[in-house]
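Chain by chain, the residues:
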Amino acid sequence: MKNKTLGFLGAGNMAGALVKGLLHAKVVPASGIVVSDVKADRLASLHEMHGIRTTNDNHELVRMSDVIVLSVKPQVIDKVLEAVGSGVRPGQLVISIAAGVPISAIESRLPKDAHVVRSMPNTPATALAGATAIAPGSHATDDDLETARALFAAVGCVVTLDESLLDAVTGLSGSGPAYVMLMIEALADGGVKVGLHRDTALLLAAQTVYGSAKLLLETGEHPGRLKDMVTSPGGTTIAGLHALESGGLRSTLIDAVETATMRSQTLGEQLAKKPR
């Protein structure tokens, strides 16, 4: 990717996270990144922080870029592609991070045989700890997938899946940070209830979640085994686990992933039905 110009069409939080990660990992130099947006203050901030090029002209960004990252909200992607889609060149890679927008909807708004890769990153990418799934479009090549993988590997882990599974990814890792934040908040509330200061309880809760995830990833052990390692007969942990099971935590989390997945499917179907 070091010899490619990477253009971010949209300068939101995820675009900023990806720019930060790419530069931190030295995947591409600052001179190889250009960002466009209607918000001049946001462009100025990214330029000041990272020394990248910026423009308020989406057409210019398309002309300058070898790889275009569609980092706009799903609600405006129609308007954006209507304006610049015809300028996409043969072989130019388009990577979408617009949640819920099907590949077919993007391809139908671009020139024939356009190279498209759809992705579903999540907000921990901002801390270089993201989880991203990518799926190839009808004309995407292995090189296109490798380019997309290098992009998202700079901010976390990447998996390649069939597009039919991206709604499930949205329900799990896309929405998952919100579930985990709710759990951290609840754990901290529990700490406060039993006498800890709010700041201390929040720090301990967050570090416990972080450390537990790191332990799982580094050991490769099944989470059930790691759970059992903390659970002594007649001890405090089994008492707490019993309370969680009685409260339906496990089934509630399963339901949350399933409900979010179904909502993603509905939104995608609505976008797919929109006329070109």
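K.L.:
Would you mind going over the layout of surface pockets with me for this structure?
P.N.:
Summary: where empty space remains is shown by rolling a probe the size of a single water molecule over the atoms. Considered as a void within the structure, the second largest pocket measures approximately 1300 Å³ in volume. Ser71, Val72, Lys73, Pro74 and Gln75 are the residues nearest the centre of the second largest pocket, which is lined by 44 residues in total. Contributions of two or more residues to the lining of the second largest pocket are made by helix 1 (13-24), helix 3 (58-64), helix 4 (77-84), helix 7 (166-174) and helix 12 (249-273). At six residues, the largest contribution of residues to the lining of the second largest pocket is made by helix 12.

K.L.:
I keep staring at the nonpolar core and nothing clicks. Help me out?
P.N.:
If you look at soluble globular proteins, the nonpolar side chains tend to sit buried side by side. Core analysis: the biggest nonpolar cluster contains 31 residues, and Phe8, Leu22, Val35 and Leu151 have the highest contact counts within it. Among the elements of the structure, strand 1 (6-9), helix 1, strand 2 (33-36), helix 2 (40-50), strand 4 (67-70), strand 5 (93-96) and helix 6 (142-153) are those that each provide at least two residues to this core. In terms of residues, this core owes the most to one element, helix 1, which gives six residues. In this view, Phe8 contacts Ala15, Leu18, Val19, Leu22, Ile33, Val34, Val35, Ser36, Leu61, Val69, Ser71 and Leu151; residues no more than four positions away in its chain are not counted.

K.L.:
Before we go on, may I ask you to explain unusual backbone geometry in this structure?
P.N.:
Across the chain, the bulk of peptide bonds are trans and the bulk of non-glycine residues have phi less than zero. Residue Lys26 is not a glycine yet carries a positive backbone phi of 60 degrees. For Asp113, which is not glycine, the phi dihedral falls at a positive 70 degrees. Mapped onto the elements of the fold, Asp113 is located in the loop between helix 5 (103-107) and strand 6 (115-120). When its relative accessible area of 42% is taken as the criterion, Asp113 is described as partly exposed.

K.L.:
What am I meant to see in helix 12 here?
P.N.:
Helix length check: helix 12 (25 residues) gives 36 Å between terminal C-alpha atoms against 36 Å at 1.5 Å per residue, within 8%. Those residues of helix 12 that fall on the buried side of the exposure criterion are Ala260, Thr261, Ser264, Gly268 and Leu271. In this structure, the buried residues of helix 12 make contact with helix 5, helix 7 and helix 8 (176-193).

K.L.:
Explain the pattern of salt bridges here, please?
P.N.:
Side chains bearing opposite charge may pair, as long as their charged atoms lie close to each other. A complete count under the given rule lists seven salt bridges for this structure. In this structure, Asp189 and Arg198 form a salt bridge, with 2.7 Å as the shortest nitrogen-oxygen distance. With a relative accessible area of 38%, Asp189 lands in the partly exposed category. In this structure Arg198 comes out as partly exposed when scored by relative accessible area, which is 38%. A salt bridge links Glu221 to Arg225; its shortest N-O distance comes to 3.3 Å.

Conventions we followed
- Residues numbered from 1 in each chain as written.
- Predicted model: local features only at pLDDT ≥ 70, side-chain atom pairs only at ≥ 80, totals over all residues.
- Heavy atoms only, no water.
- 1 Å grid on protein atoms, 1.4 Å probe; cavity = no way out; pocket = protein on both sides within 12 Å on 5 of 7 lines; lining within 4 Å.
- Points joined across faces, edges and corners; volume = space filled by probe spheres on them.
- Helix = DSSP H or I, 4+ residues; strand = E, 2+ residues; numbered from the N terminus.
- Core = buried A, V, L, I, M, F, W, Y, C linked by side-chain atoms within 4.5 Å.
- Buried < 20%, exposed > 50% of the residue type's maximum accessible area, 1.4 Å probe, protein only.
- Contact = heavy atoms within 4.5 Å.
- Expected span 1.5 Å × (residues − 1).
- Salt bridge = Lys/Arg side-chain N within 4 Å of Asp/Glu carboxyl O.

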